[in-house]
Amino acid sequence: MSALIDCRNLTKTYEMGDTTINALAGVSITINQGEYVAVMGASGSGKSTFMNLLGALDTPTSGELQVAGNRLSQLNADALADFRSGSIGFVFQQFNLLPRTPAVENVALPLVYAGVPAAERNRRALARLEQVGLAERSHHHPKQLSGGQQQRVAIARALVNDPAIILADEPTGALDSRTSEEVMAIFDQLNREGITIILVTHEQDVADHAKRQLVFRDGLVVEDRS
Amino acid sequence: MNLFASIRVALVALRVNFLRSALAMLGIIIGVASVIVLVSISEGTKRAVEAQIDSFGASLLIIRPGSSIFGGRRGGAGSASPLTDLDVRAVREEIAGLSGVSGEVRTSVTAVFGGVNWTTSATGVNADYFDARGWIVDEGRAFSAAEDESGRRYAVIGQTLVNELFDGASPVGQSLRVRGQPFEVIGTVEPKGETSWGQDQDDVIFLPLETARSRLGAGVRGPTRDPVQTIYADVSAGEDTDRVIADIQDLLRIRRDIAPGAVDDFSVASLAEFIRARNETENQLGLLLAVGAGIVLLVGGIGIMNIMLVSVTERTREIGLRLAVGAKRRDIRNQFLIESIVLCLIGGGLGLVAGIGGTSVYANVGQLDIAVSPLIVGVAVGASLFVGVFFGLYPAQRASRLNPIDALRFE
């Protein structure tokens, strides 16, 4: 079976004035279907950059990156949008829900861009909200929800397109420890159902939920333990 | 993302920043309203001018003697020898394409009926005059061609005379006195109102030409026999006015013995042309105002662009999120473009209402017949649509070119 994610000698450099920052200094790694991976490291180690490249939110400076059968370097902007729409579900530290918009519409947002008709969008969004235990709050606005509930809405949104991979960037970073456990329990359950989960964290107890841990330092993977 | 959903998103976004949206619209509202008011007033004025031309007779030519040249000294207007009945007859008989020709003489008289008197203009004319100048007899009759040569003391009077001397009662068959002589009123003419320079056209008594000359001495000056002060000639519909003018000039040059190359001592003018020329400056003023309104609209558009750029910046993270969940660049561009168009169309709609309101207020105050034409409404809506697209495109393009991760991380 070919790897779900296959990166070869991936680099990313930023120009900051006259200094060059090597955010990624040549990362080669493979991740298979159904894995549960925690990406760890100090800030500035390159772990977030790595995640952004996997989700096609950013483009590498050099190297090859293949995700779910797509060679990302060969895709144009529209094709990358289709890739994000069809293969990736994002969960962010700050939830990034649309304000003044009911939970169900937030969850349905990716379906809007995937061209799904309104009635079908609503049905699928409600099903996902039920999956994260928020069916009865589907018409609440983000402001009316707690942090943990907002993050669960965000997870429902990440799931609504049936993605191959969930990419979560510090998903518990803005939550207290009890709520963090609730959210992590959802990720655990999703992984048991076969969804590949990659999450960035700097908290060891969060990382312990994963079955594989990648530790970044100075733009390189320095540890890869299962 | 379909159009309906985009419009809904746009409306929500505009409602969230209600005051800001309203202020941004203000330029468009003022621009559209002023375009509508100014164009409507300008159109209304133009219509009034055309109505006035019609009231004079749109196709009327006015022939008058000009200045004499005697020993190198040029006399003033009308100093050349008068036109005569013979000139009237020659124009009537020899020029093709005229439907009515009449001489005219005028003098100021005091008319008396019962114990009331009124000073007015006694105007001696030929029978053709009424048709040529568009006077419609509304009671009684006008005099015939035979009667205008016979010197009978008949009078056809205007509405002002009916009001001042007869107190609005029917004057037909009554006898009024002018310079001690009785004149029988045989008809009245429909009112024409004032000219644009404030002269009451209905303050008039029409008499047969010969009667006015011989009984009242109207137009009589010097030794010339049967003089007329003015000849009116009505060009038939479909005839080339310039050709008719040239023919009359040729005829009169021969009759008045003007050497080839010498200057005419008479003038042949088209009244419609005269009035149009007089209003040319007003038209230019209207154009200037329209340009001004266009500039207001342009400034309004810049306001829209400014507010859209602010909106794009404020919602950078939202744009990043939308890109992350699968929005294409054109989805983002369309969203902001539609927002700009919706903003401008709402502004245009409000401006339309304000413009129609302003126009009707102006029409009421100025007692003018002004209406907002559907064409102007179309132009106003089209202009606001154009402003929305034109000034919305750059901010929308800017939003759509954001890099997803930069947008998501924007603080």
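Residues numbered from 1 in each chain as written. Chains lettered and ligands numbered in written order. Predicted model: local features only at pLDDT ≥ 70, side-chain atom pairs only at ≥ 80, totals over all residues. Heavy atoms only, no water.

**Some thoughts on the domain arrangement of chain B**
Here is the rule we go by: Each domain's limits were defined by an automated method or a database of domain assignments.
Domain assignment breaks chain B into domain 1 (3-52 + 279-409) and domain 2 (81-264). Using C-alpha coordinates to define each centre, domain 1 of chain B is positioned 57 Å away from domain 2 of chain B.

**So, the sheet that holds strand S1 (residues 5-16) of chain A**
Residue and element names in this part refer to chain A. We apply this condition: For two strands to be treated as a pair, DSSP must find no fewer than two bridges joining them. Only DSSP runs of H or I with at least four residues qualify as helices, and only runs of E with at least two residues qualify as strands; both kinds are numbered from the N terminus onward.
Across the sheet, four strands lie side by side as S2-S1-S4-S5; this open sheet has antiparallel pairing. With one partner strand each, in any of the chains shown, strand S2 (19-31) and strand S5 (70-71) form the two edges of the open sheet. Bridge count for S1 against strand S4 (residues 62-67) is five bridges, and the pairing is antiparallel. Paired with Thr11 across the bridge in S4 is Ser62.

**Re the environment of Ala371 of chain B**
Residues and elements named next belong to chain B. What counts, and what does not: The rule is simple: take the accessible area with a 1.4 Å probe, protein chains only, and divide by the maximum for that residue type; under 20% is buried, over 50% is exposed, in between is partly exposed.
Its place among the elements puts Ala371 in the loop between helix H11 (329-366) and helix H12 (374-400). Judged by its relative accessible area of 46%, Ala371 falls in the partly exposed class. The sequence separation of Ala371 and Ser40 amounts to 331 residues, and the corresponding C-alpha distance is 6.6 Å.

**A word on the packing of aromatic side chains**
In plain terms, the rule: Only Phe, Tyr and Trp rings are paired, with Trp represented by its six-membered ring, and only when their centres lie within 6.5 Å; those with planes under 30 degrees apart are stacked, over 60 edge-to-face, the remainder tilted. Remark: a charge is flagged as sitting over a ring if the NZ atom of Lys or the CZ atom of Arg is within 6 Å of the ring centre and within 35 degrees of the ring normal.
Per the stated rule, a full pass over the model turns up 11 aromatic pairs over all chains. Between Phe90 of chain A and Phe92 of chain A, the ring centres sit 5.8 Å apart and the planes meet at 10°, which makes this aromatic pair stacked. Ring geometry for Phe130 of chain B and Phe206 of chain B: centres 5.3 Å apart, planes at 75°, overall edge-to-face. Placement of the pair is Phe130 of chain B in helix H4 (residues 129-132) and Phe206 of chain B in strand S11 (residues 204-208), with a sequence separation of 76 residues. Each member of the pair, Phe130 of chain B together with Phe206 of chain B, is buried. Linked through ring pairs, Tyr129, Phe130, Trp135, Phe143, Phe206 and Tyr232 of chain B together constitute an aromatic cluster. Above the ring of Tyr232 of chain B, the side-chain terminus of Arg133 of chain B is found at 4.6 Å from the ring centroid.

**Focus on the interface of chain A and chain B**
It is common to give the size of an interface as the accessible area that goes away when the parts come together. Formally: In what follows, a contact means two residues having at least one pair of non-hydrogen atoms within 4.5 Å. As a working definition, buried area equals the accessible area (1.4 Å probe) given up by two parts on being put together, with both sides summed. Take a side-chain nitrogen of Lys or Arg and a carboxyl oxygen of Asp or Glu: if they are within 4 Å of each other, that pair is a salt bridge. Under this definition, polar contacts are N or O atom pairs within 3.5 Å; protein pairs additionally need one hydrogen-donor-capable and one acceptor-capable atom, and for neighbouring residues in sequence, both atoms have to be side-chain atoms. Ten residues, namely Ala, Val, Leu, Ile, Met, Phe, Trp, Tyr, Cys and Pro, are considered nonpolar, four, namely Asp, Glu, Lys and Arg, are considered charged, and the remaining ones, Gly among them, are considered polar.
Listed per partner, the contact involves 22 residues of chain A and 22 residues of chain B. Both faces considered, chain A and chain B share a buried interface measuring about 2,100 Å² in area, 57% of it formed by carbon and sulfur atoms. Of all residues in chain A, Leu57, Asn96 and Tyr113 of chain A bury the most surface against chain B, accounting for 31% of the area lost on that side. Where chain A packs against chain B, one counts three salt bridges. We note a salt bridge from Asp82 of chain A to Lys328 of chain B, for which the minimum N-O separation is 2.5 Å. Counting every contact that joins chain A to chain B gives seven residue pairs in polar contact (both at pLDDT 80 or more). Listing elements by their share of the side of chain A that touches chain B, those giving two or more residues are helix H1 (47-54), helix H2 (77-87) and helix H3 (103-113) of chain A. The dominant element in the side of chain A that touches chain B, judged by the number of residues it contributes, is H2 of chain A, at six residues. Residue composition of the side of chain A that touches chain B, grouped by class: 10 nonpolar, five polar and seven charged.

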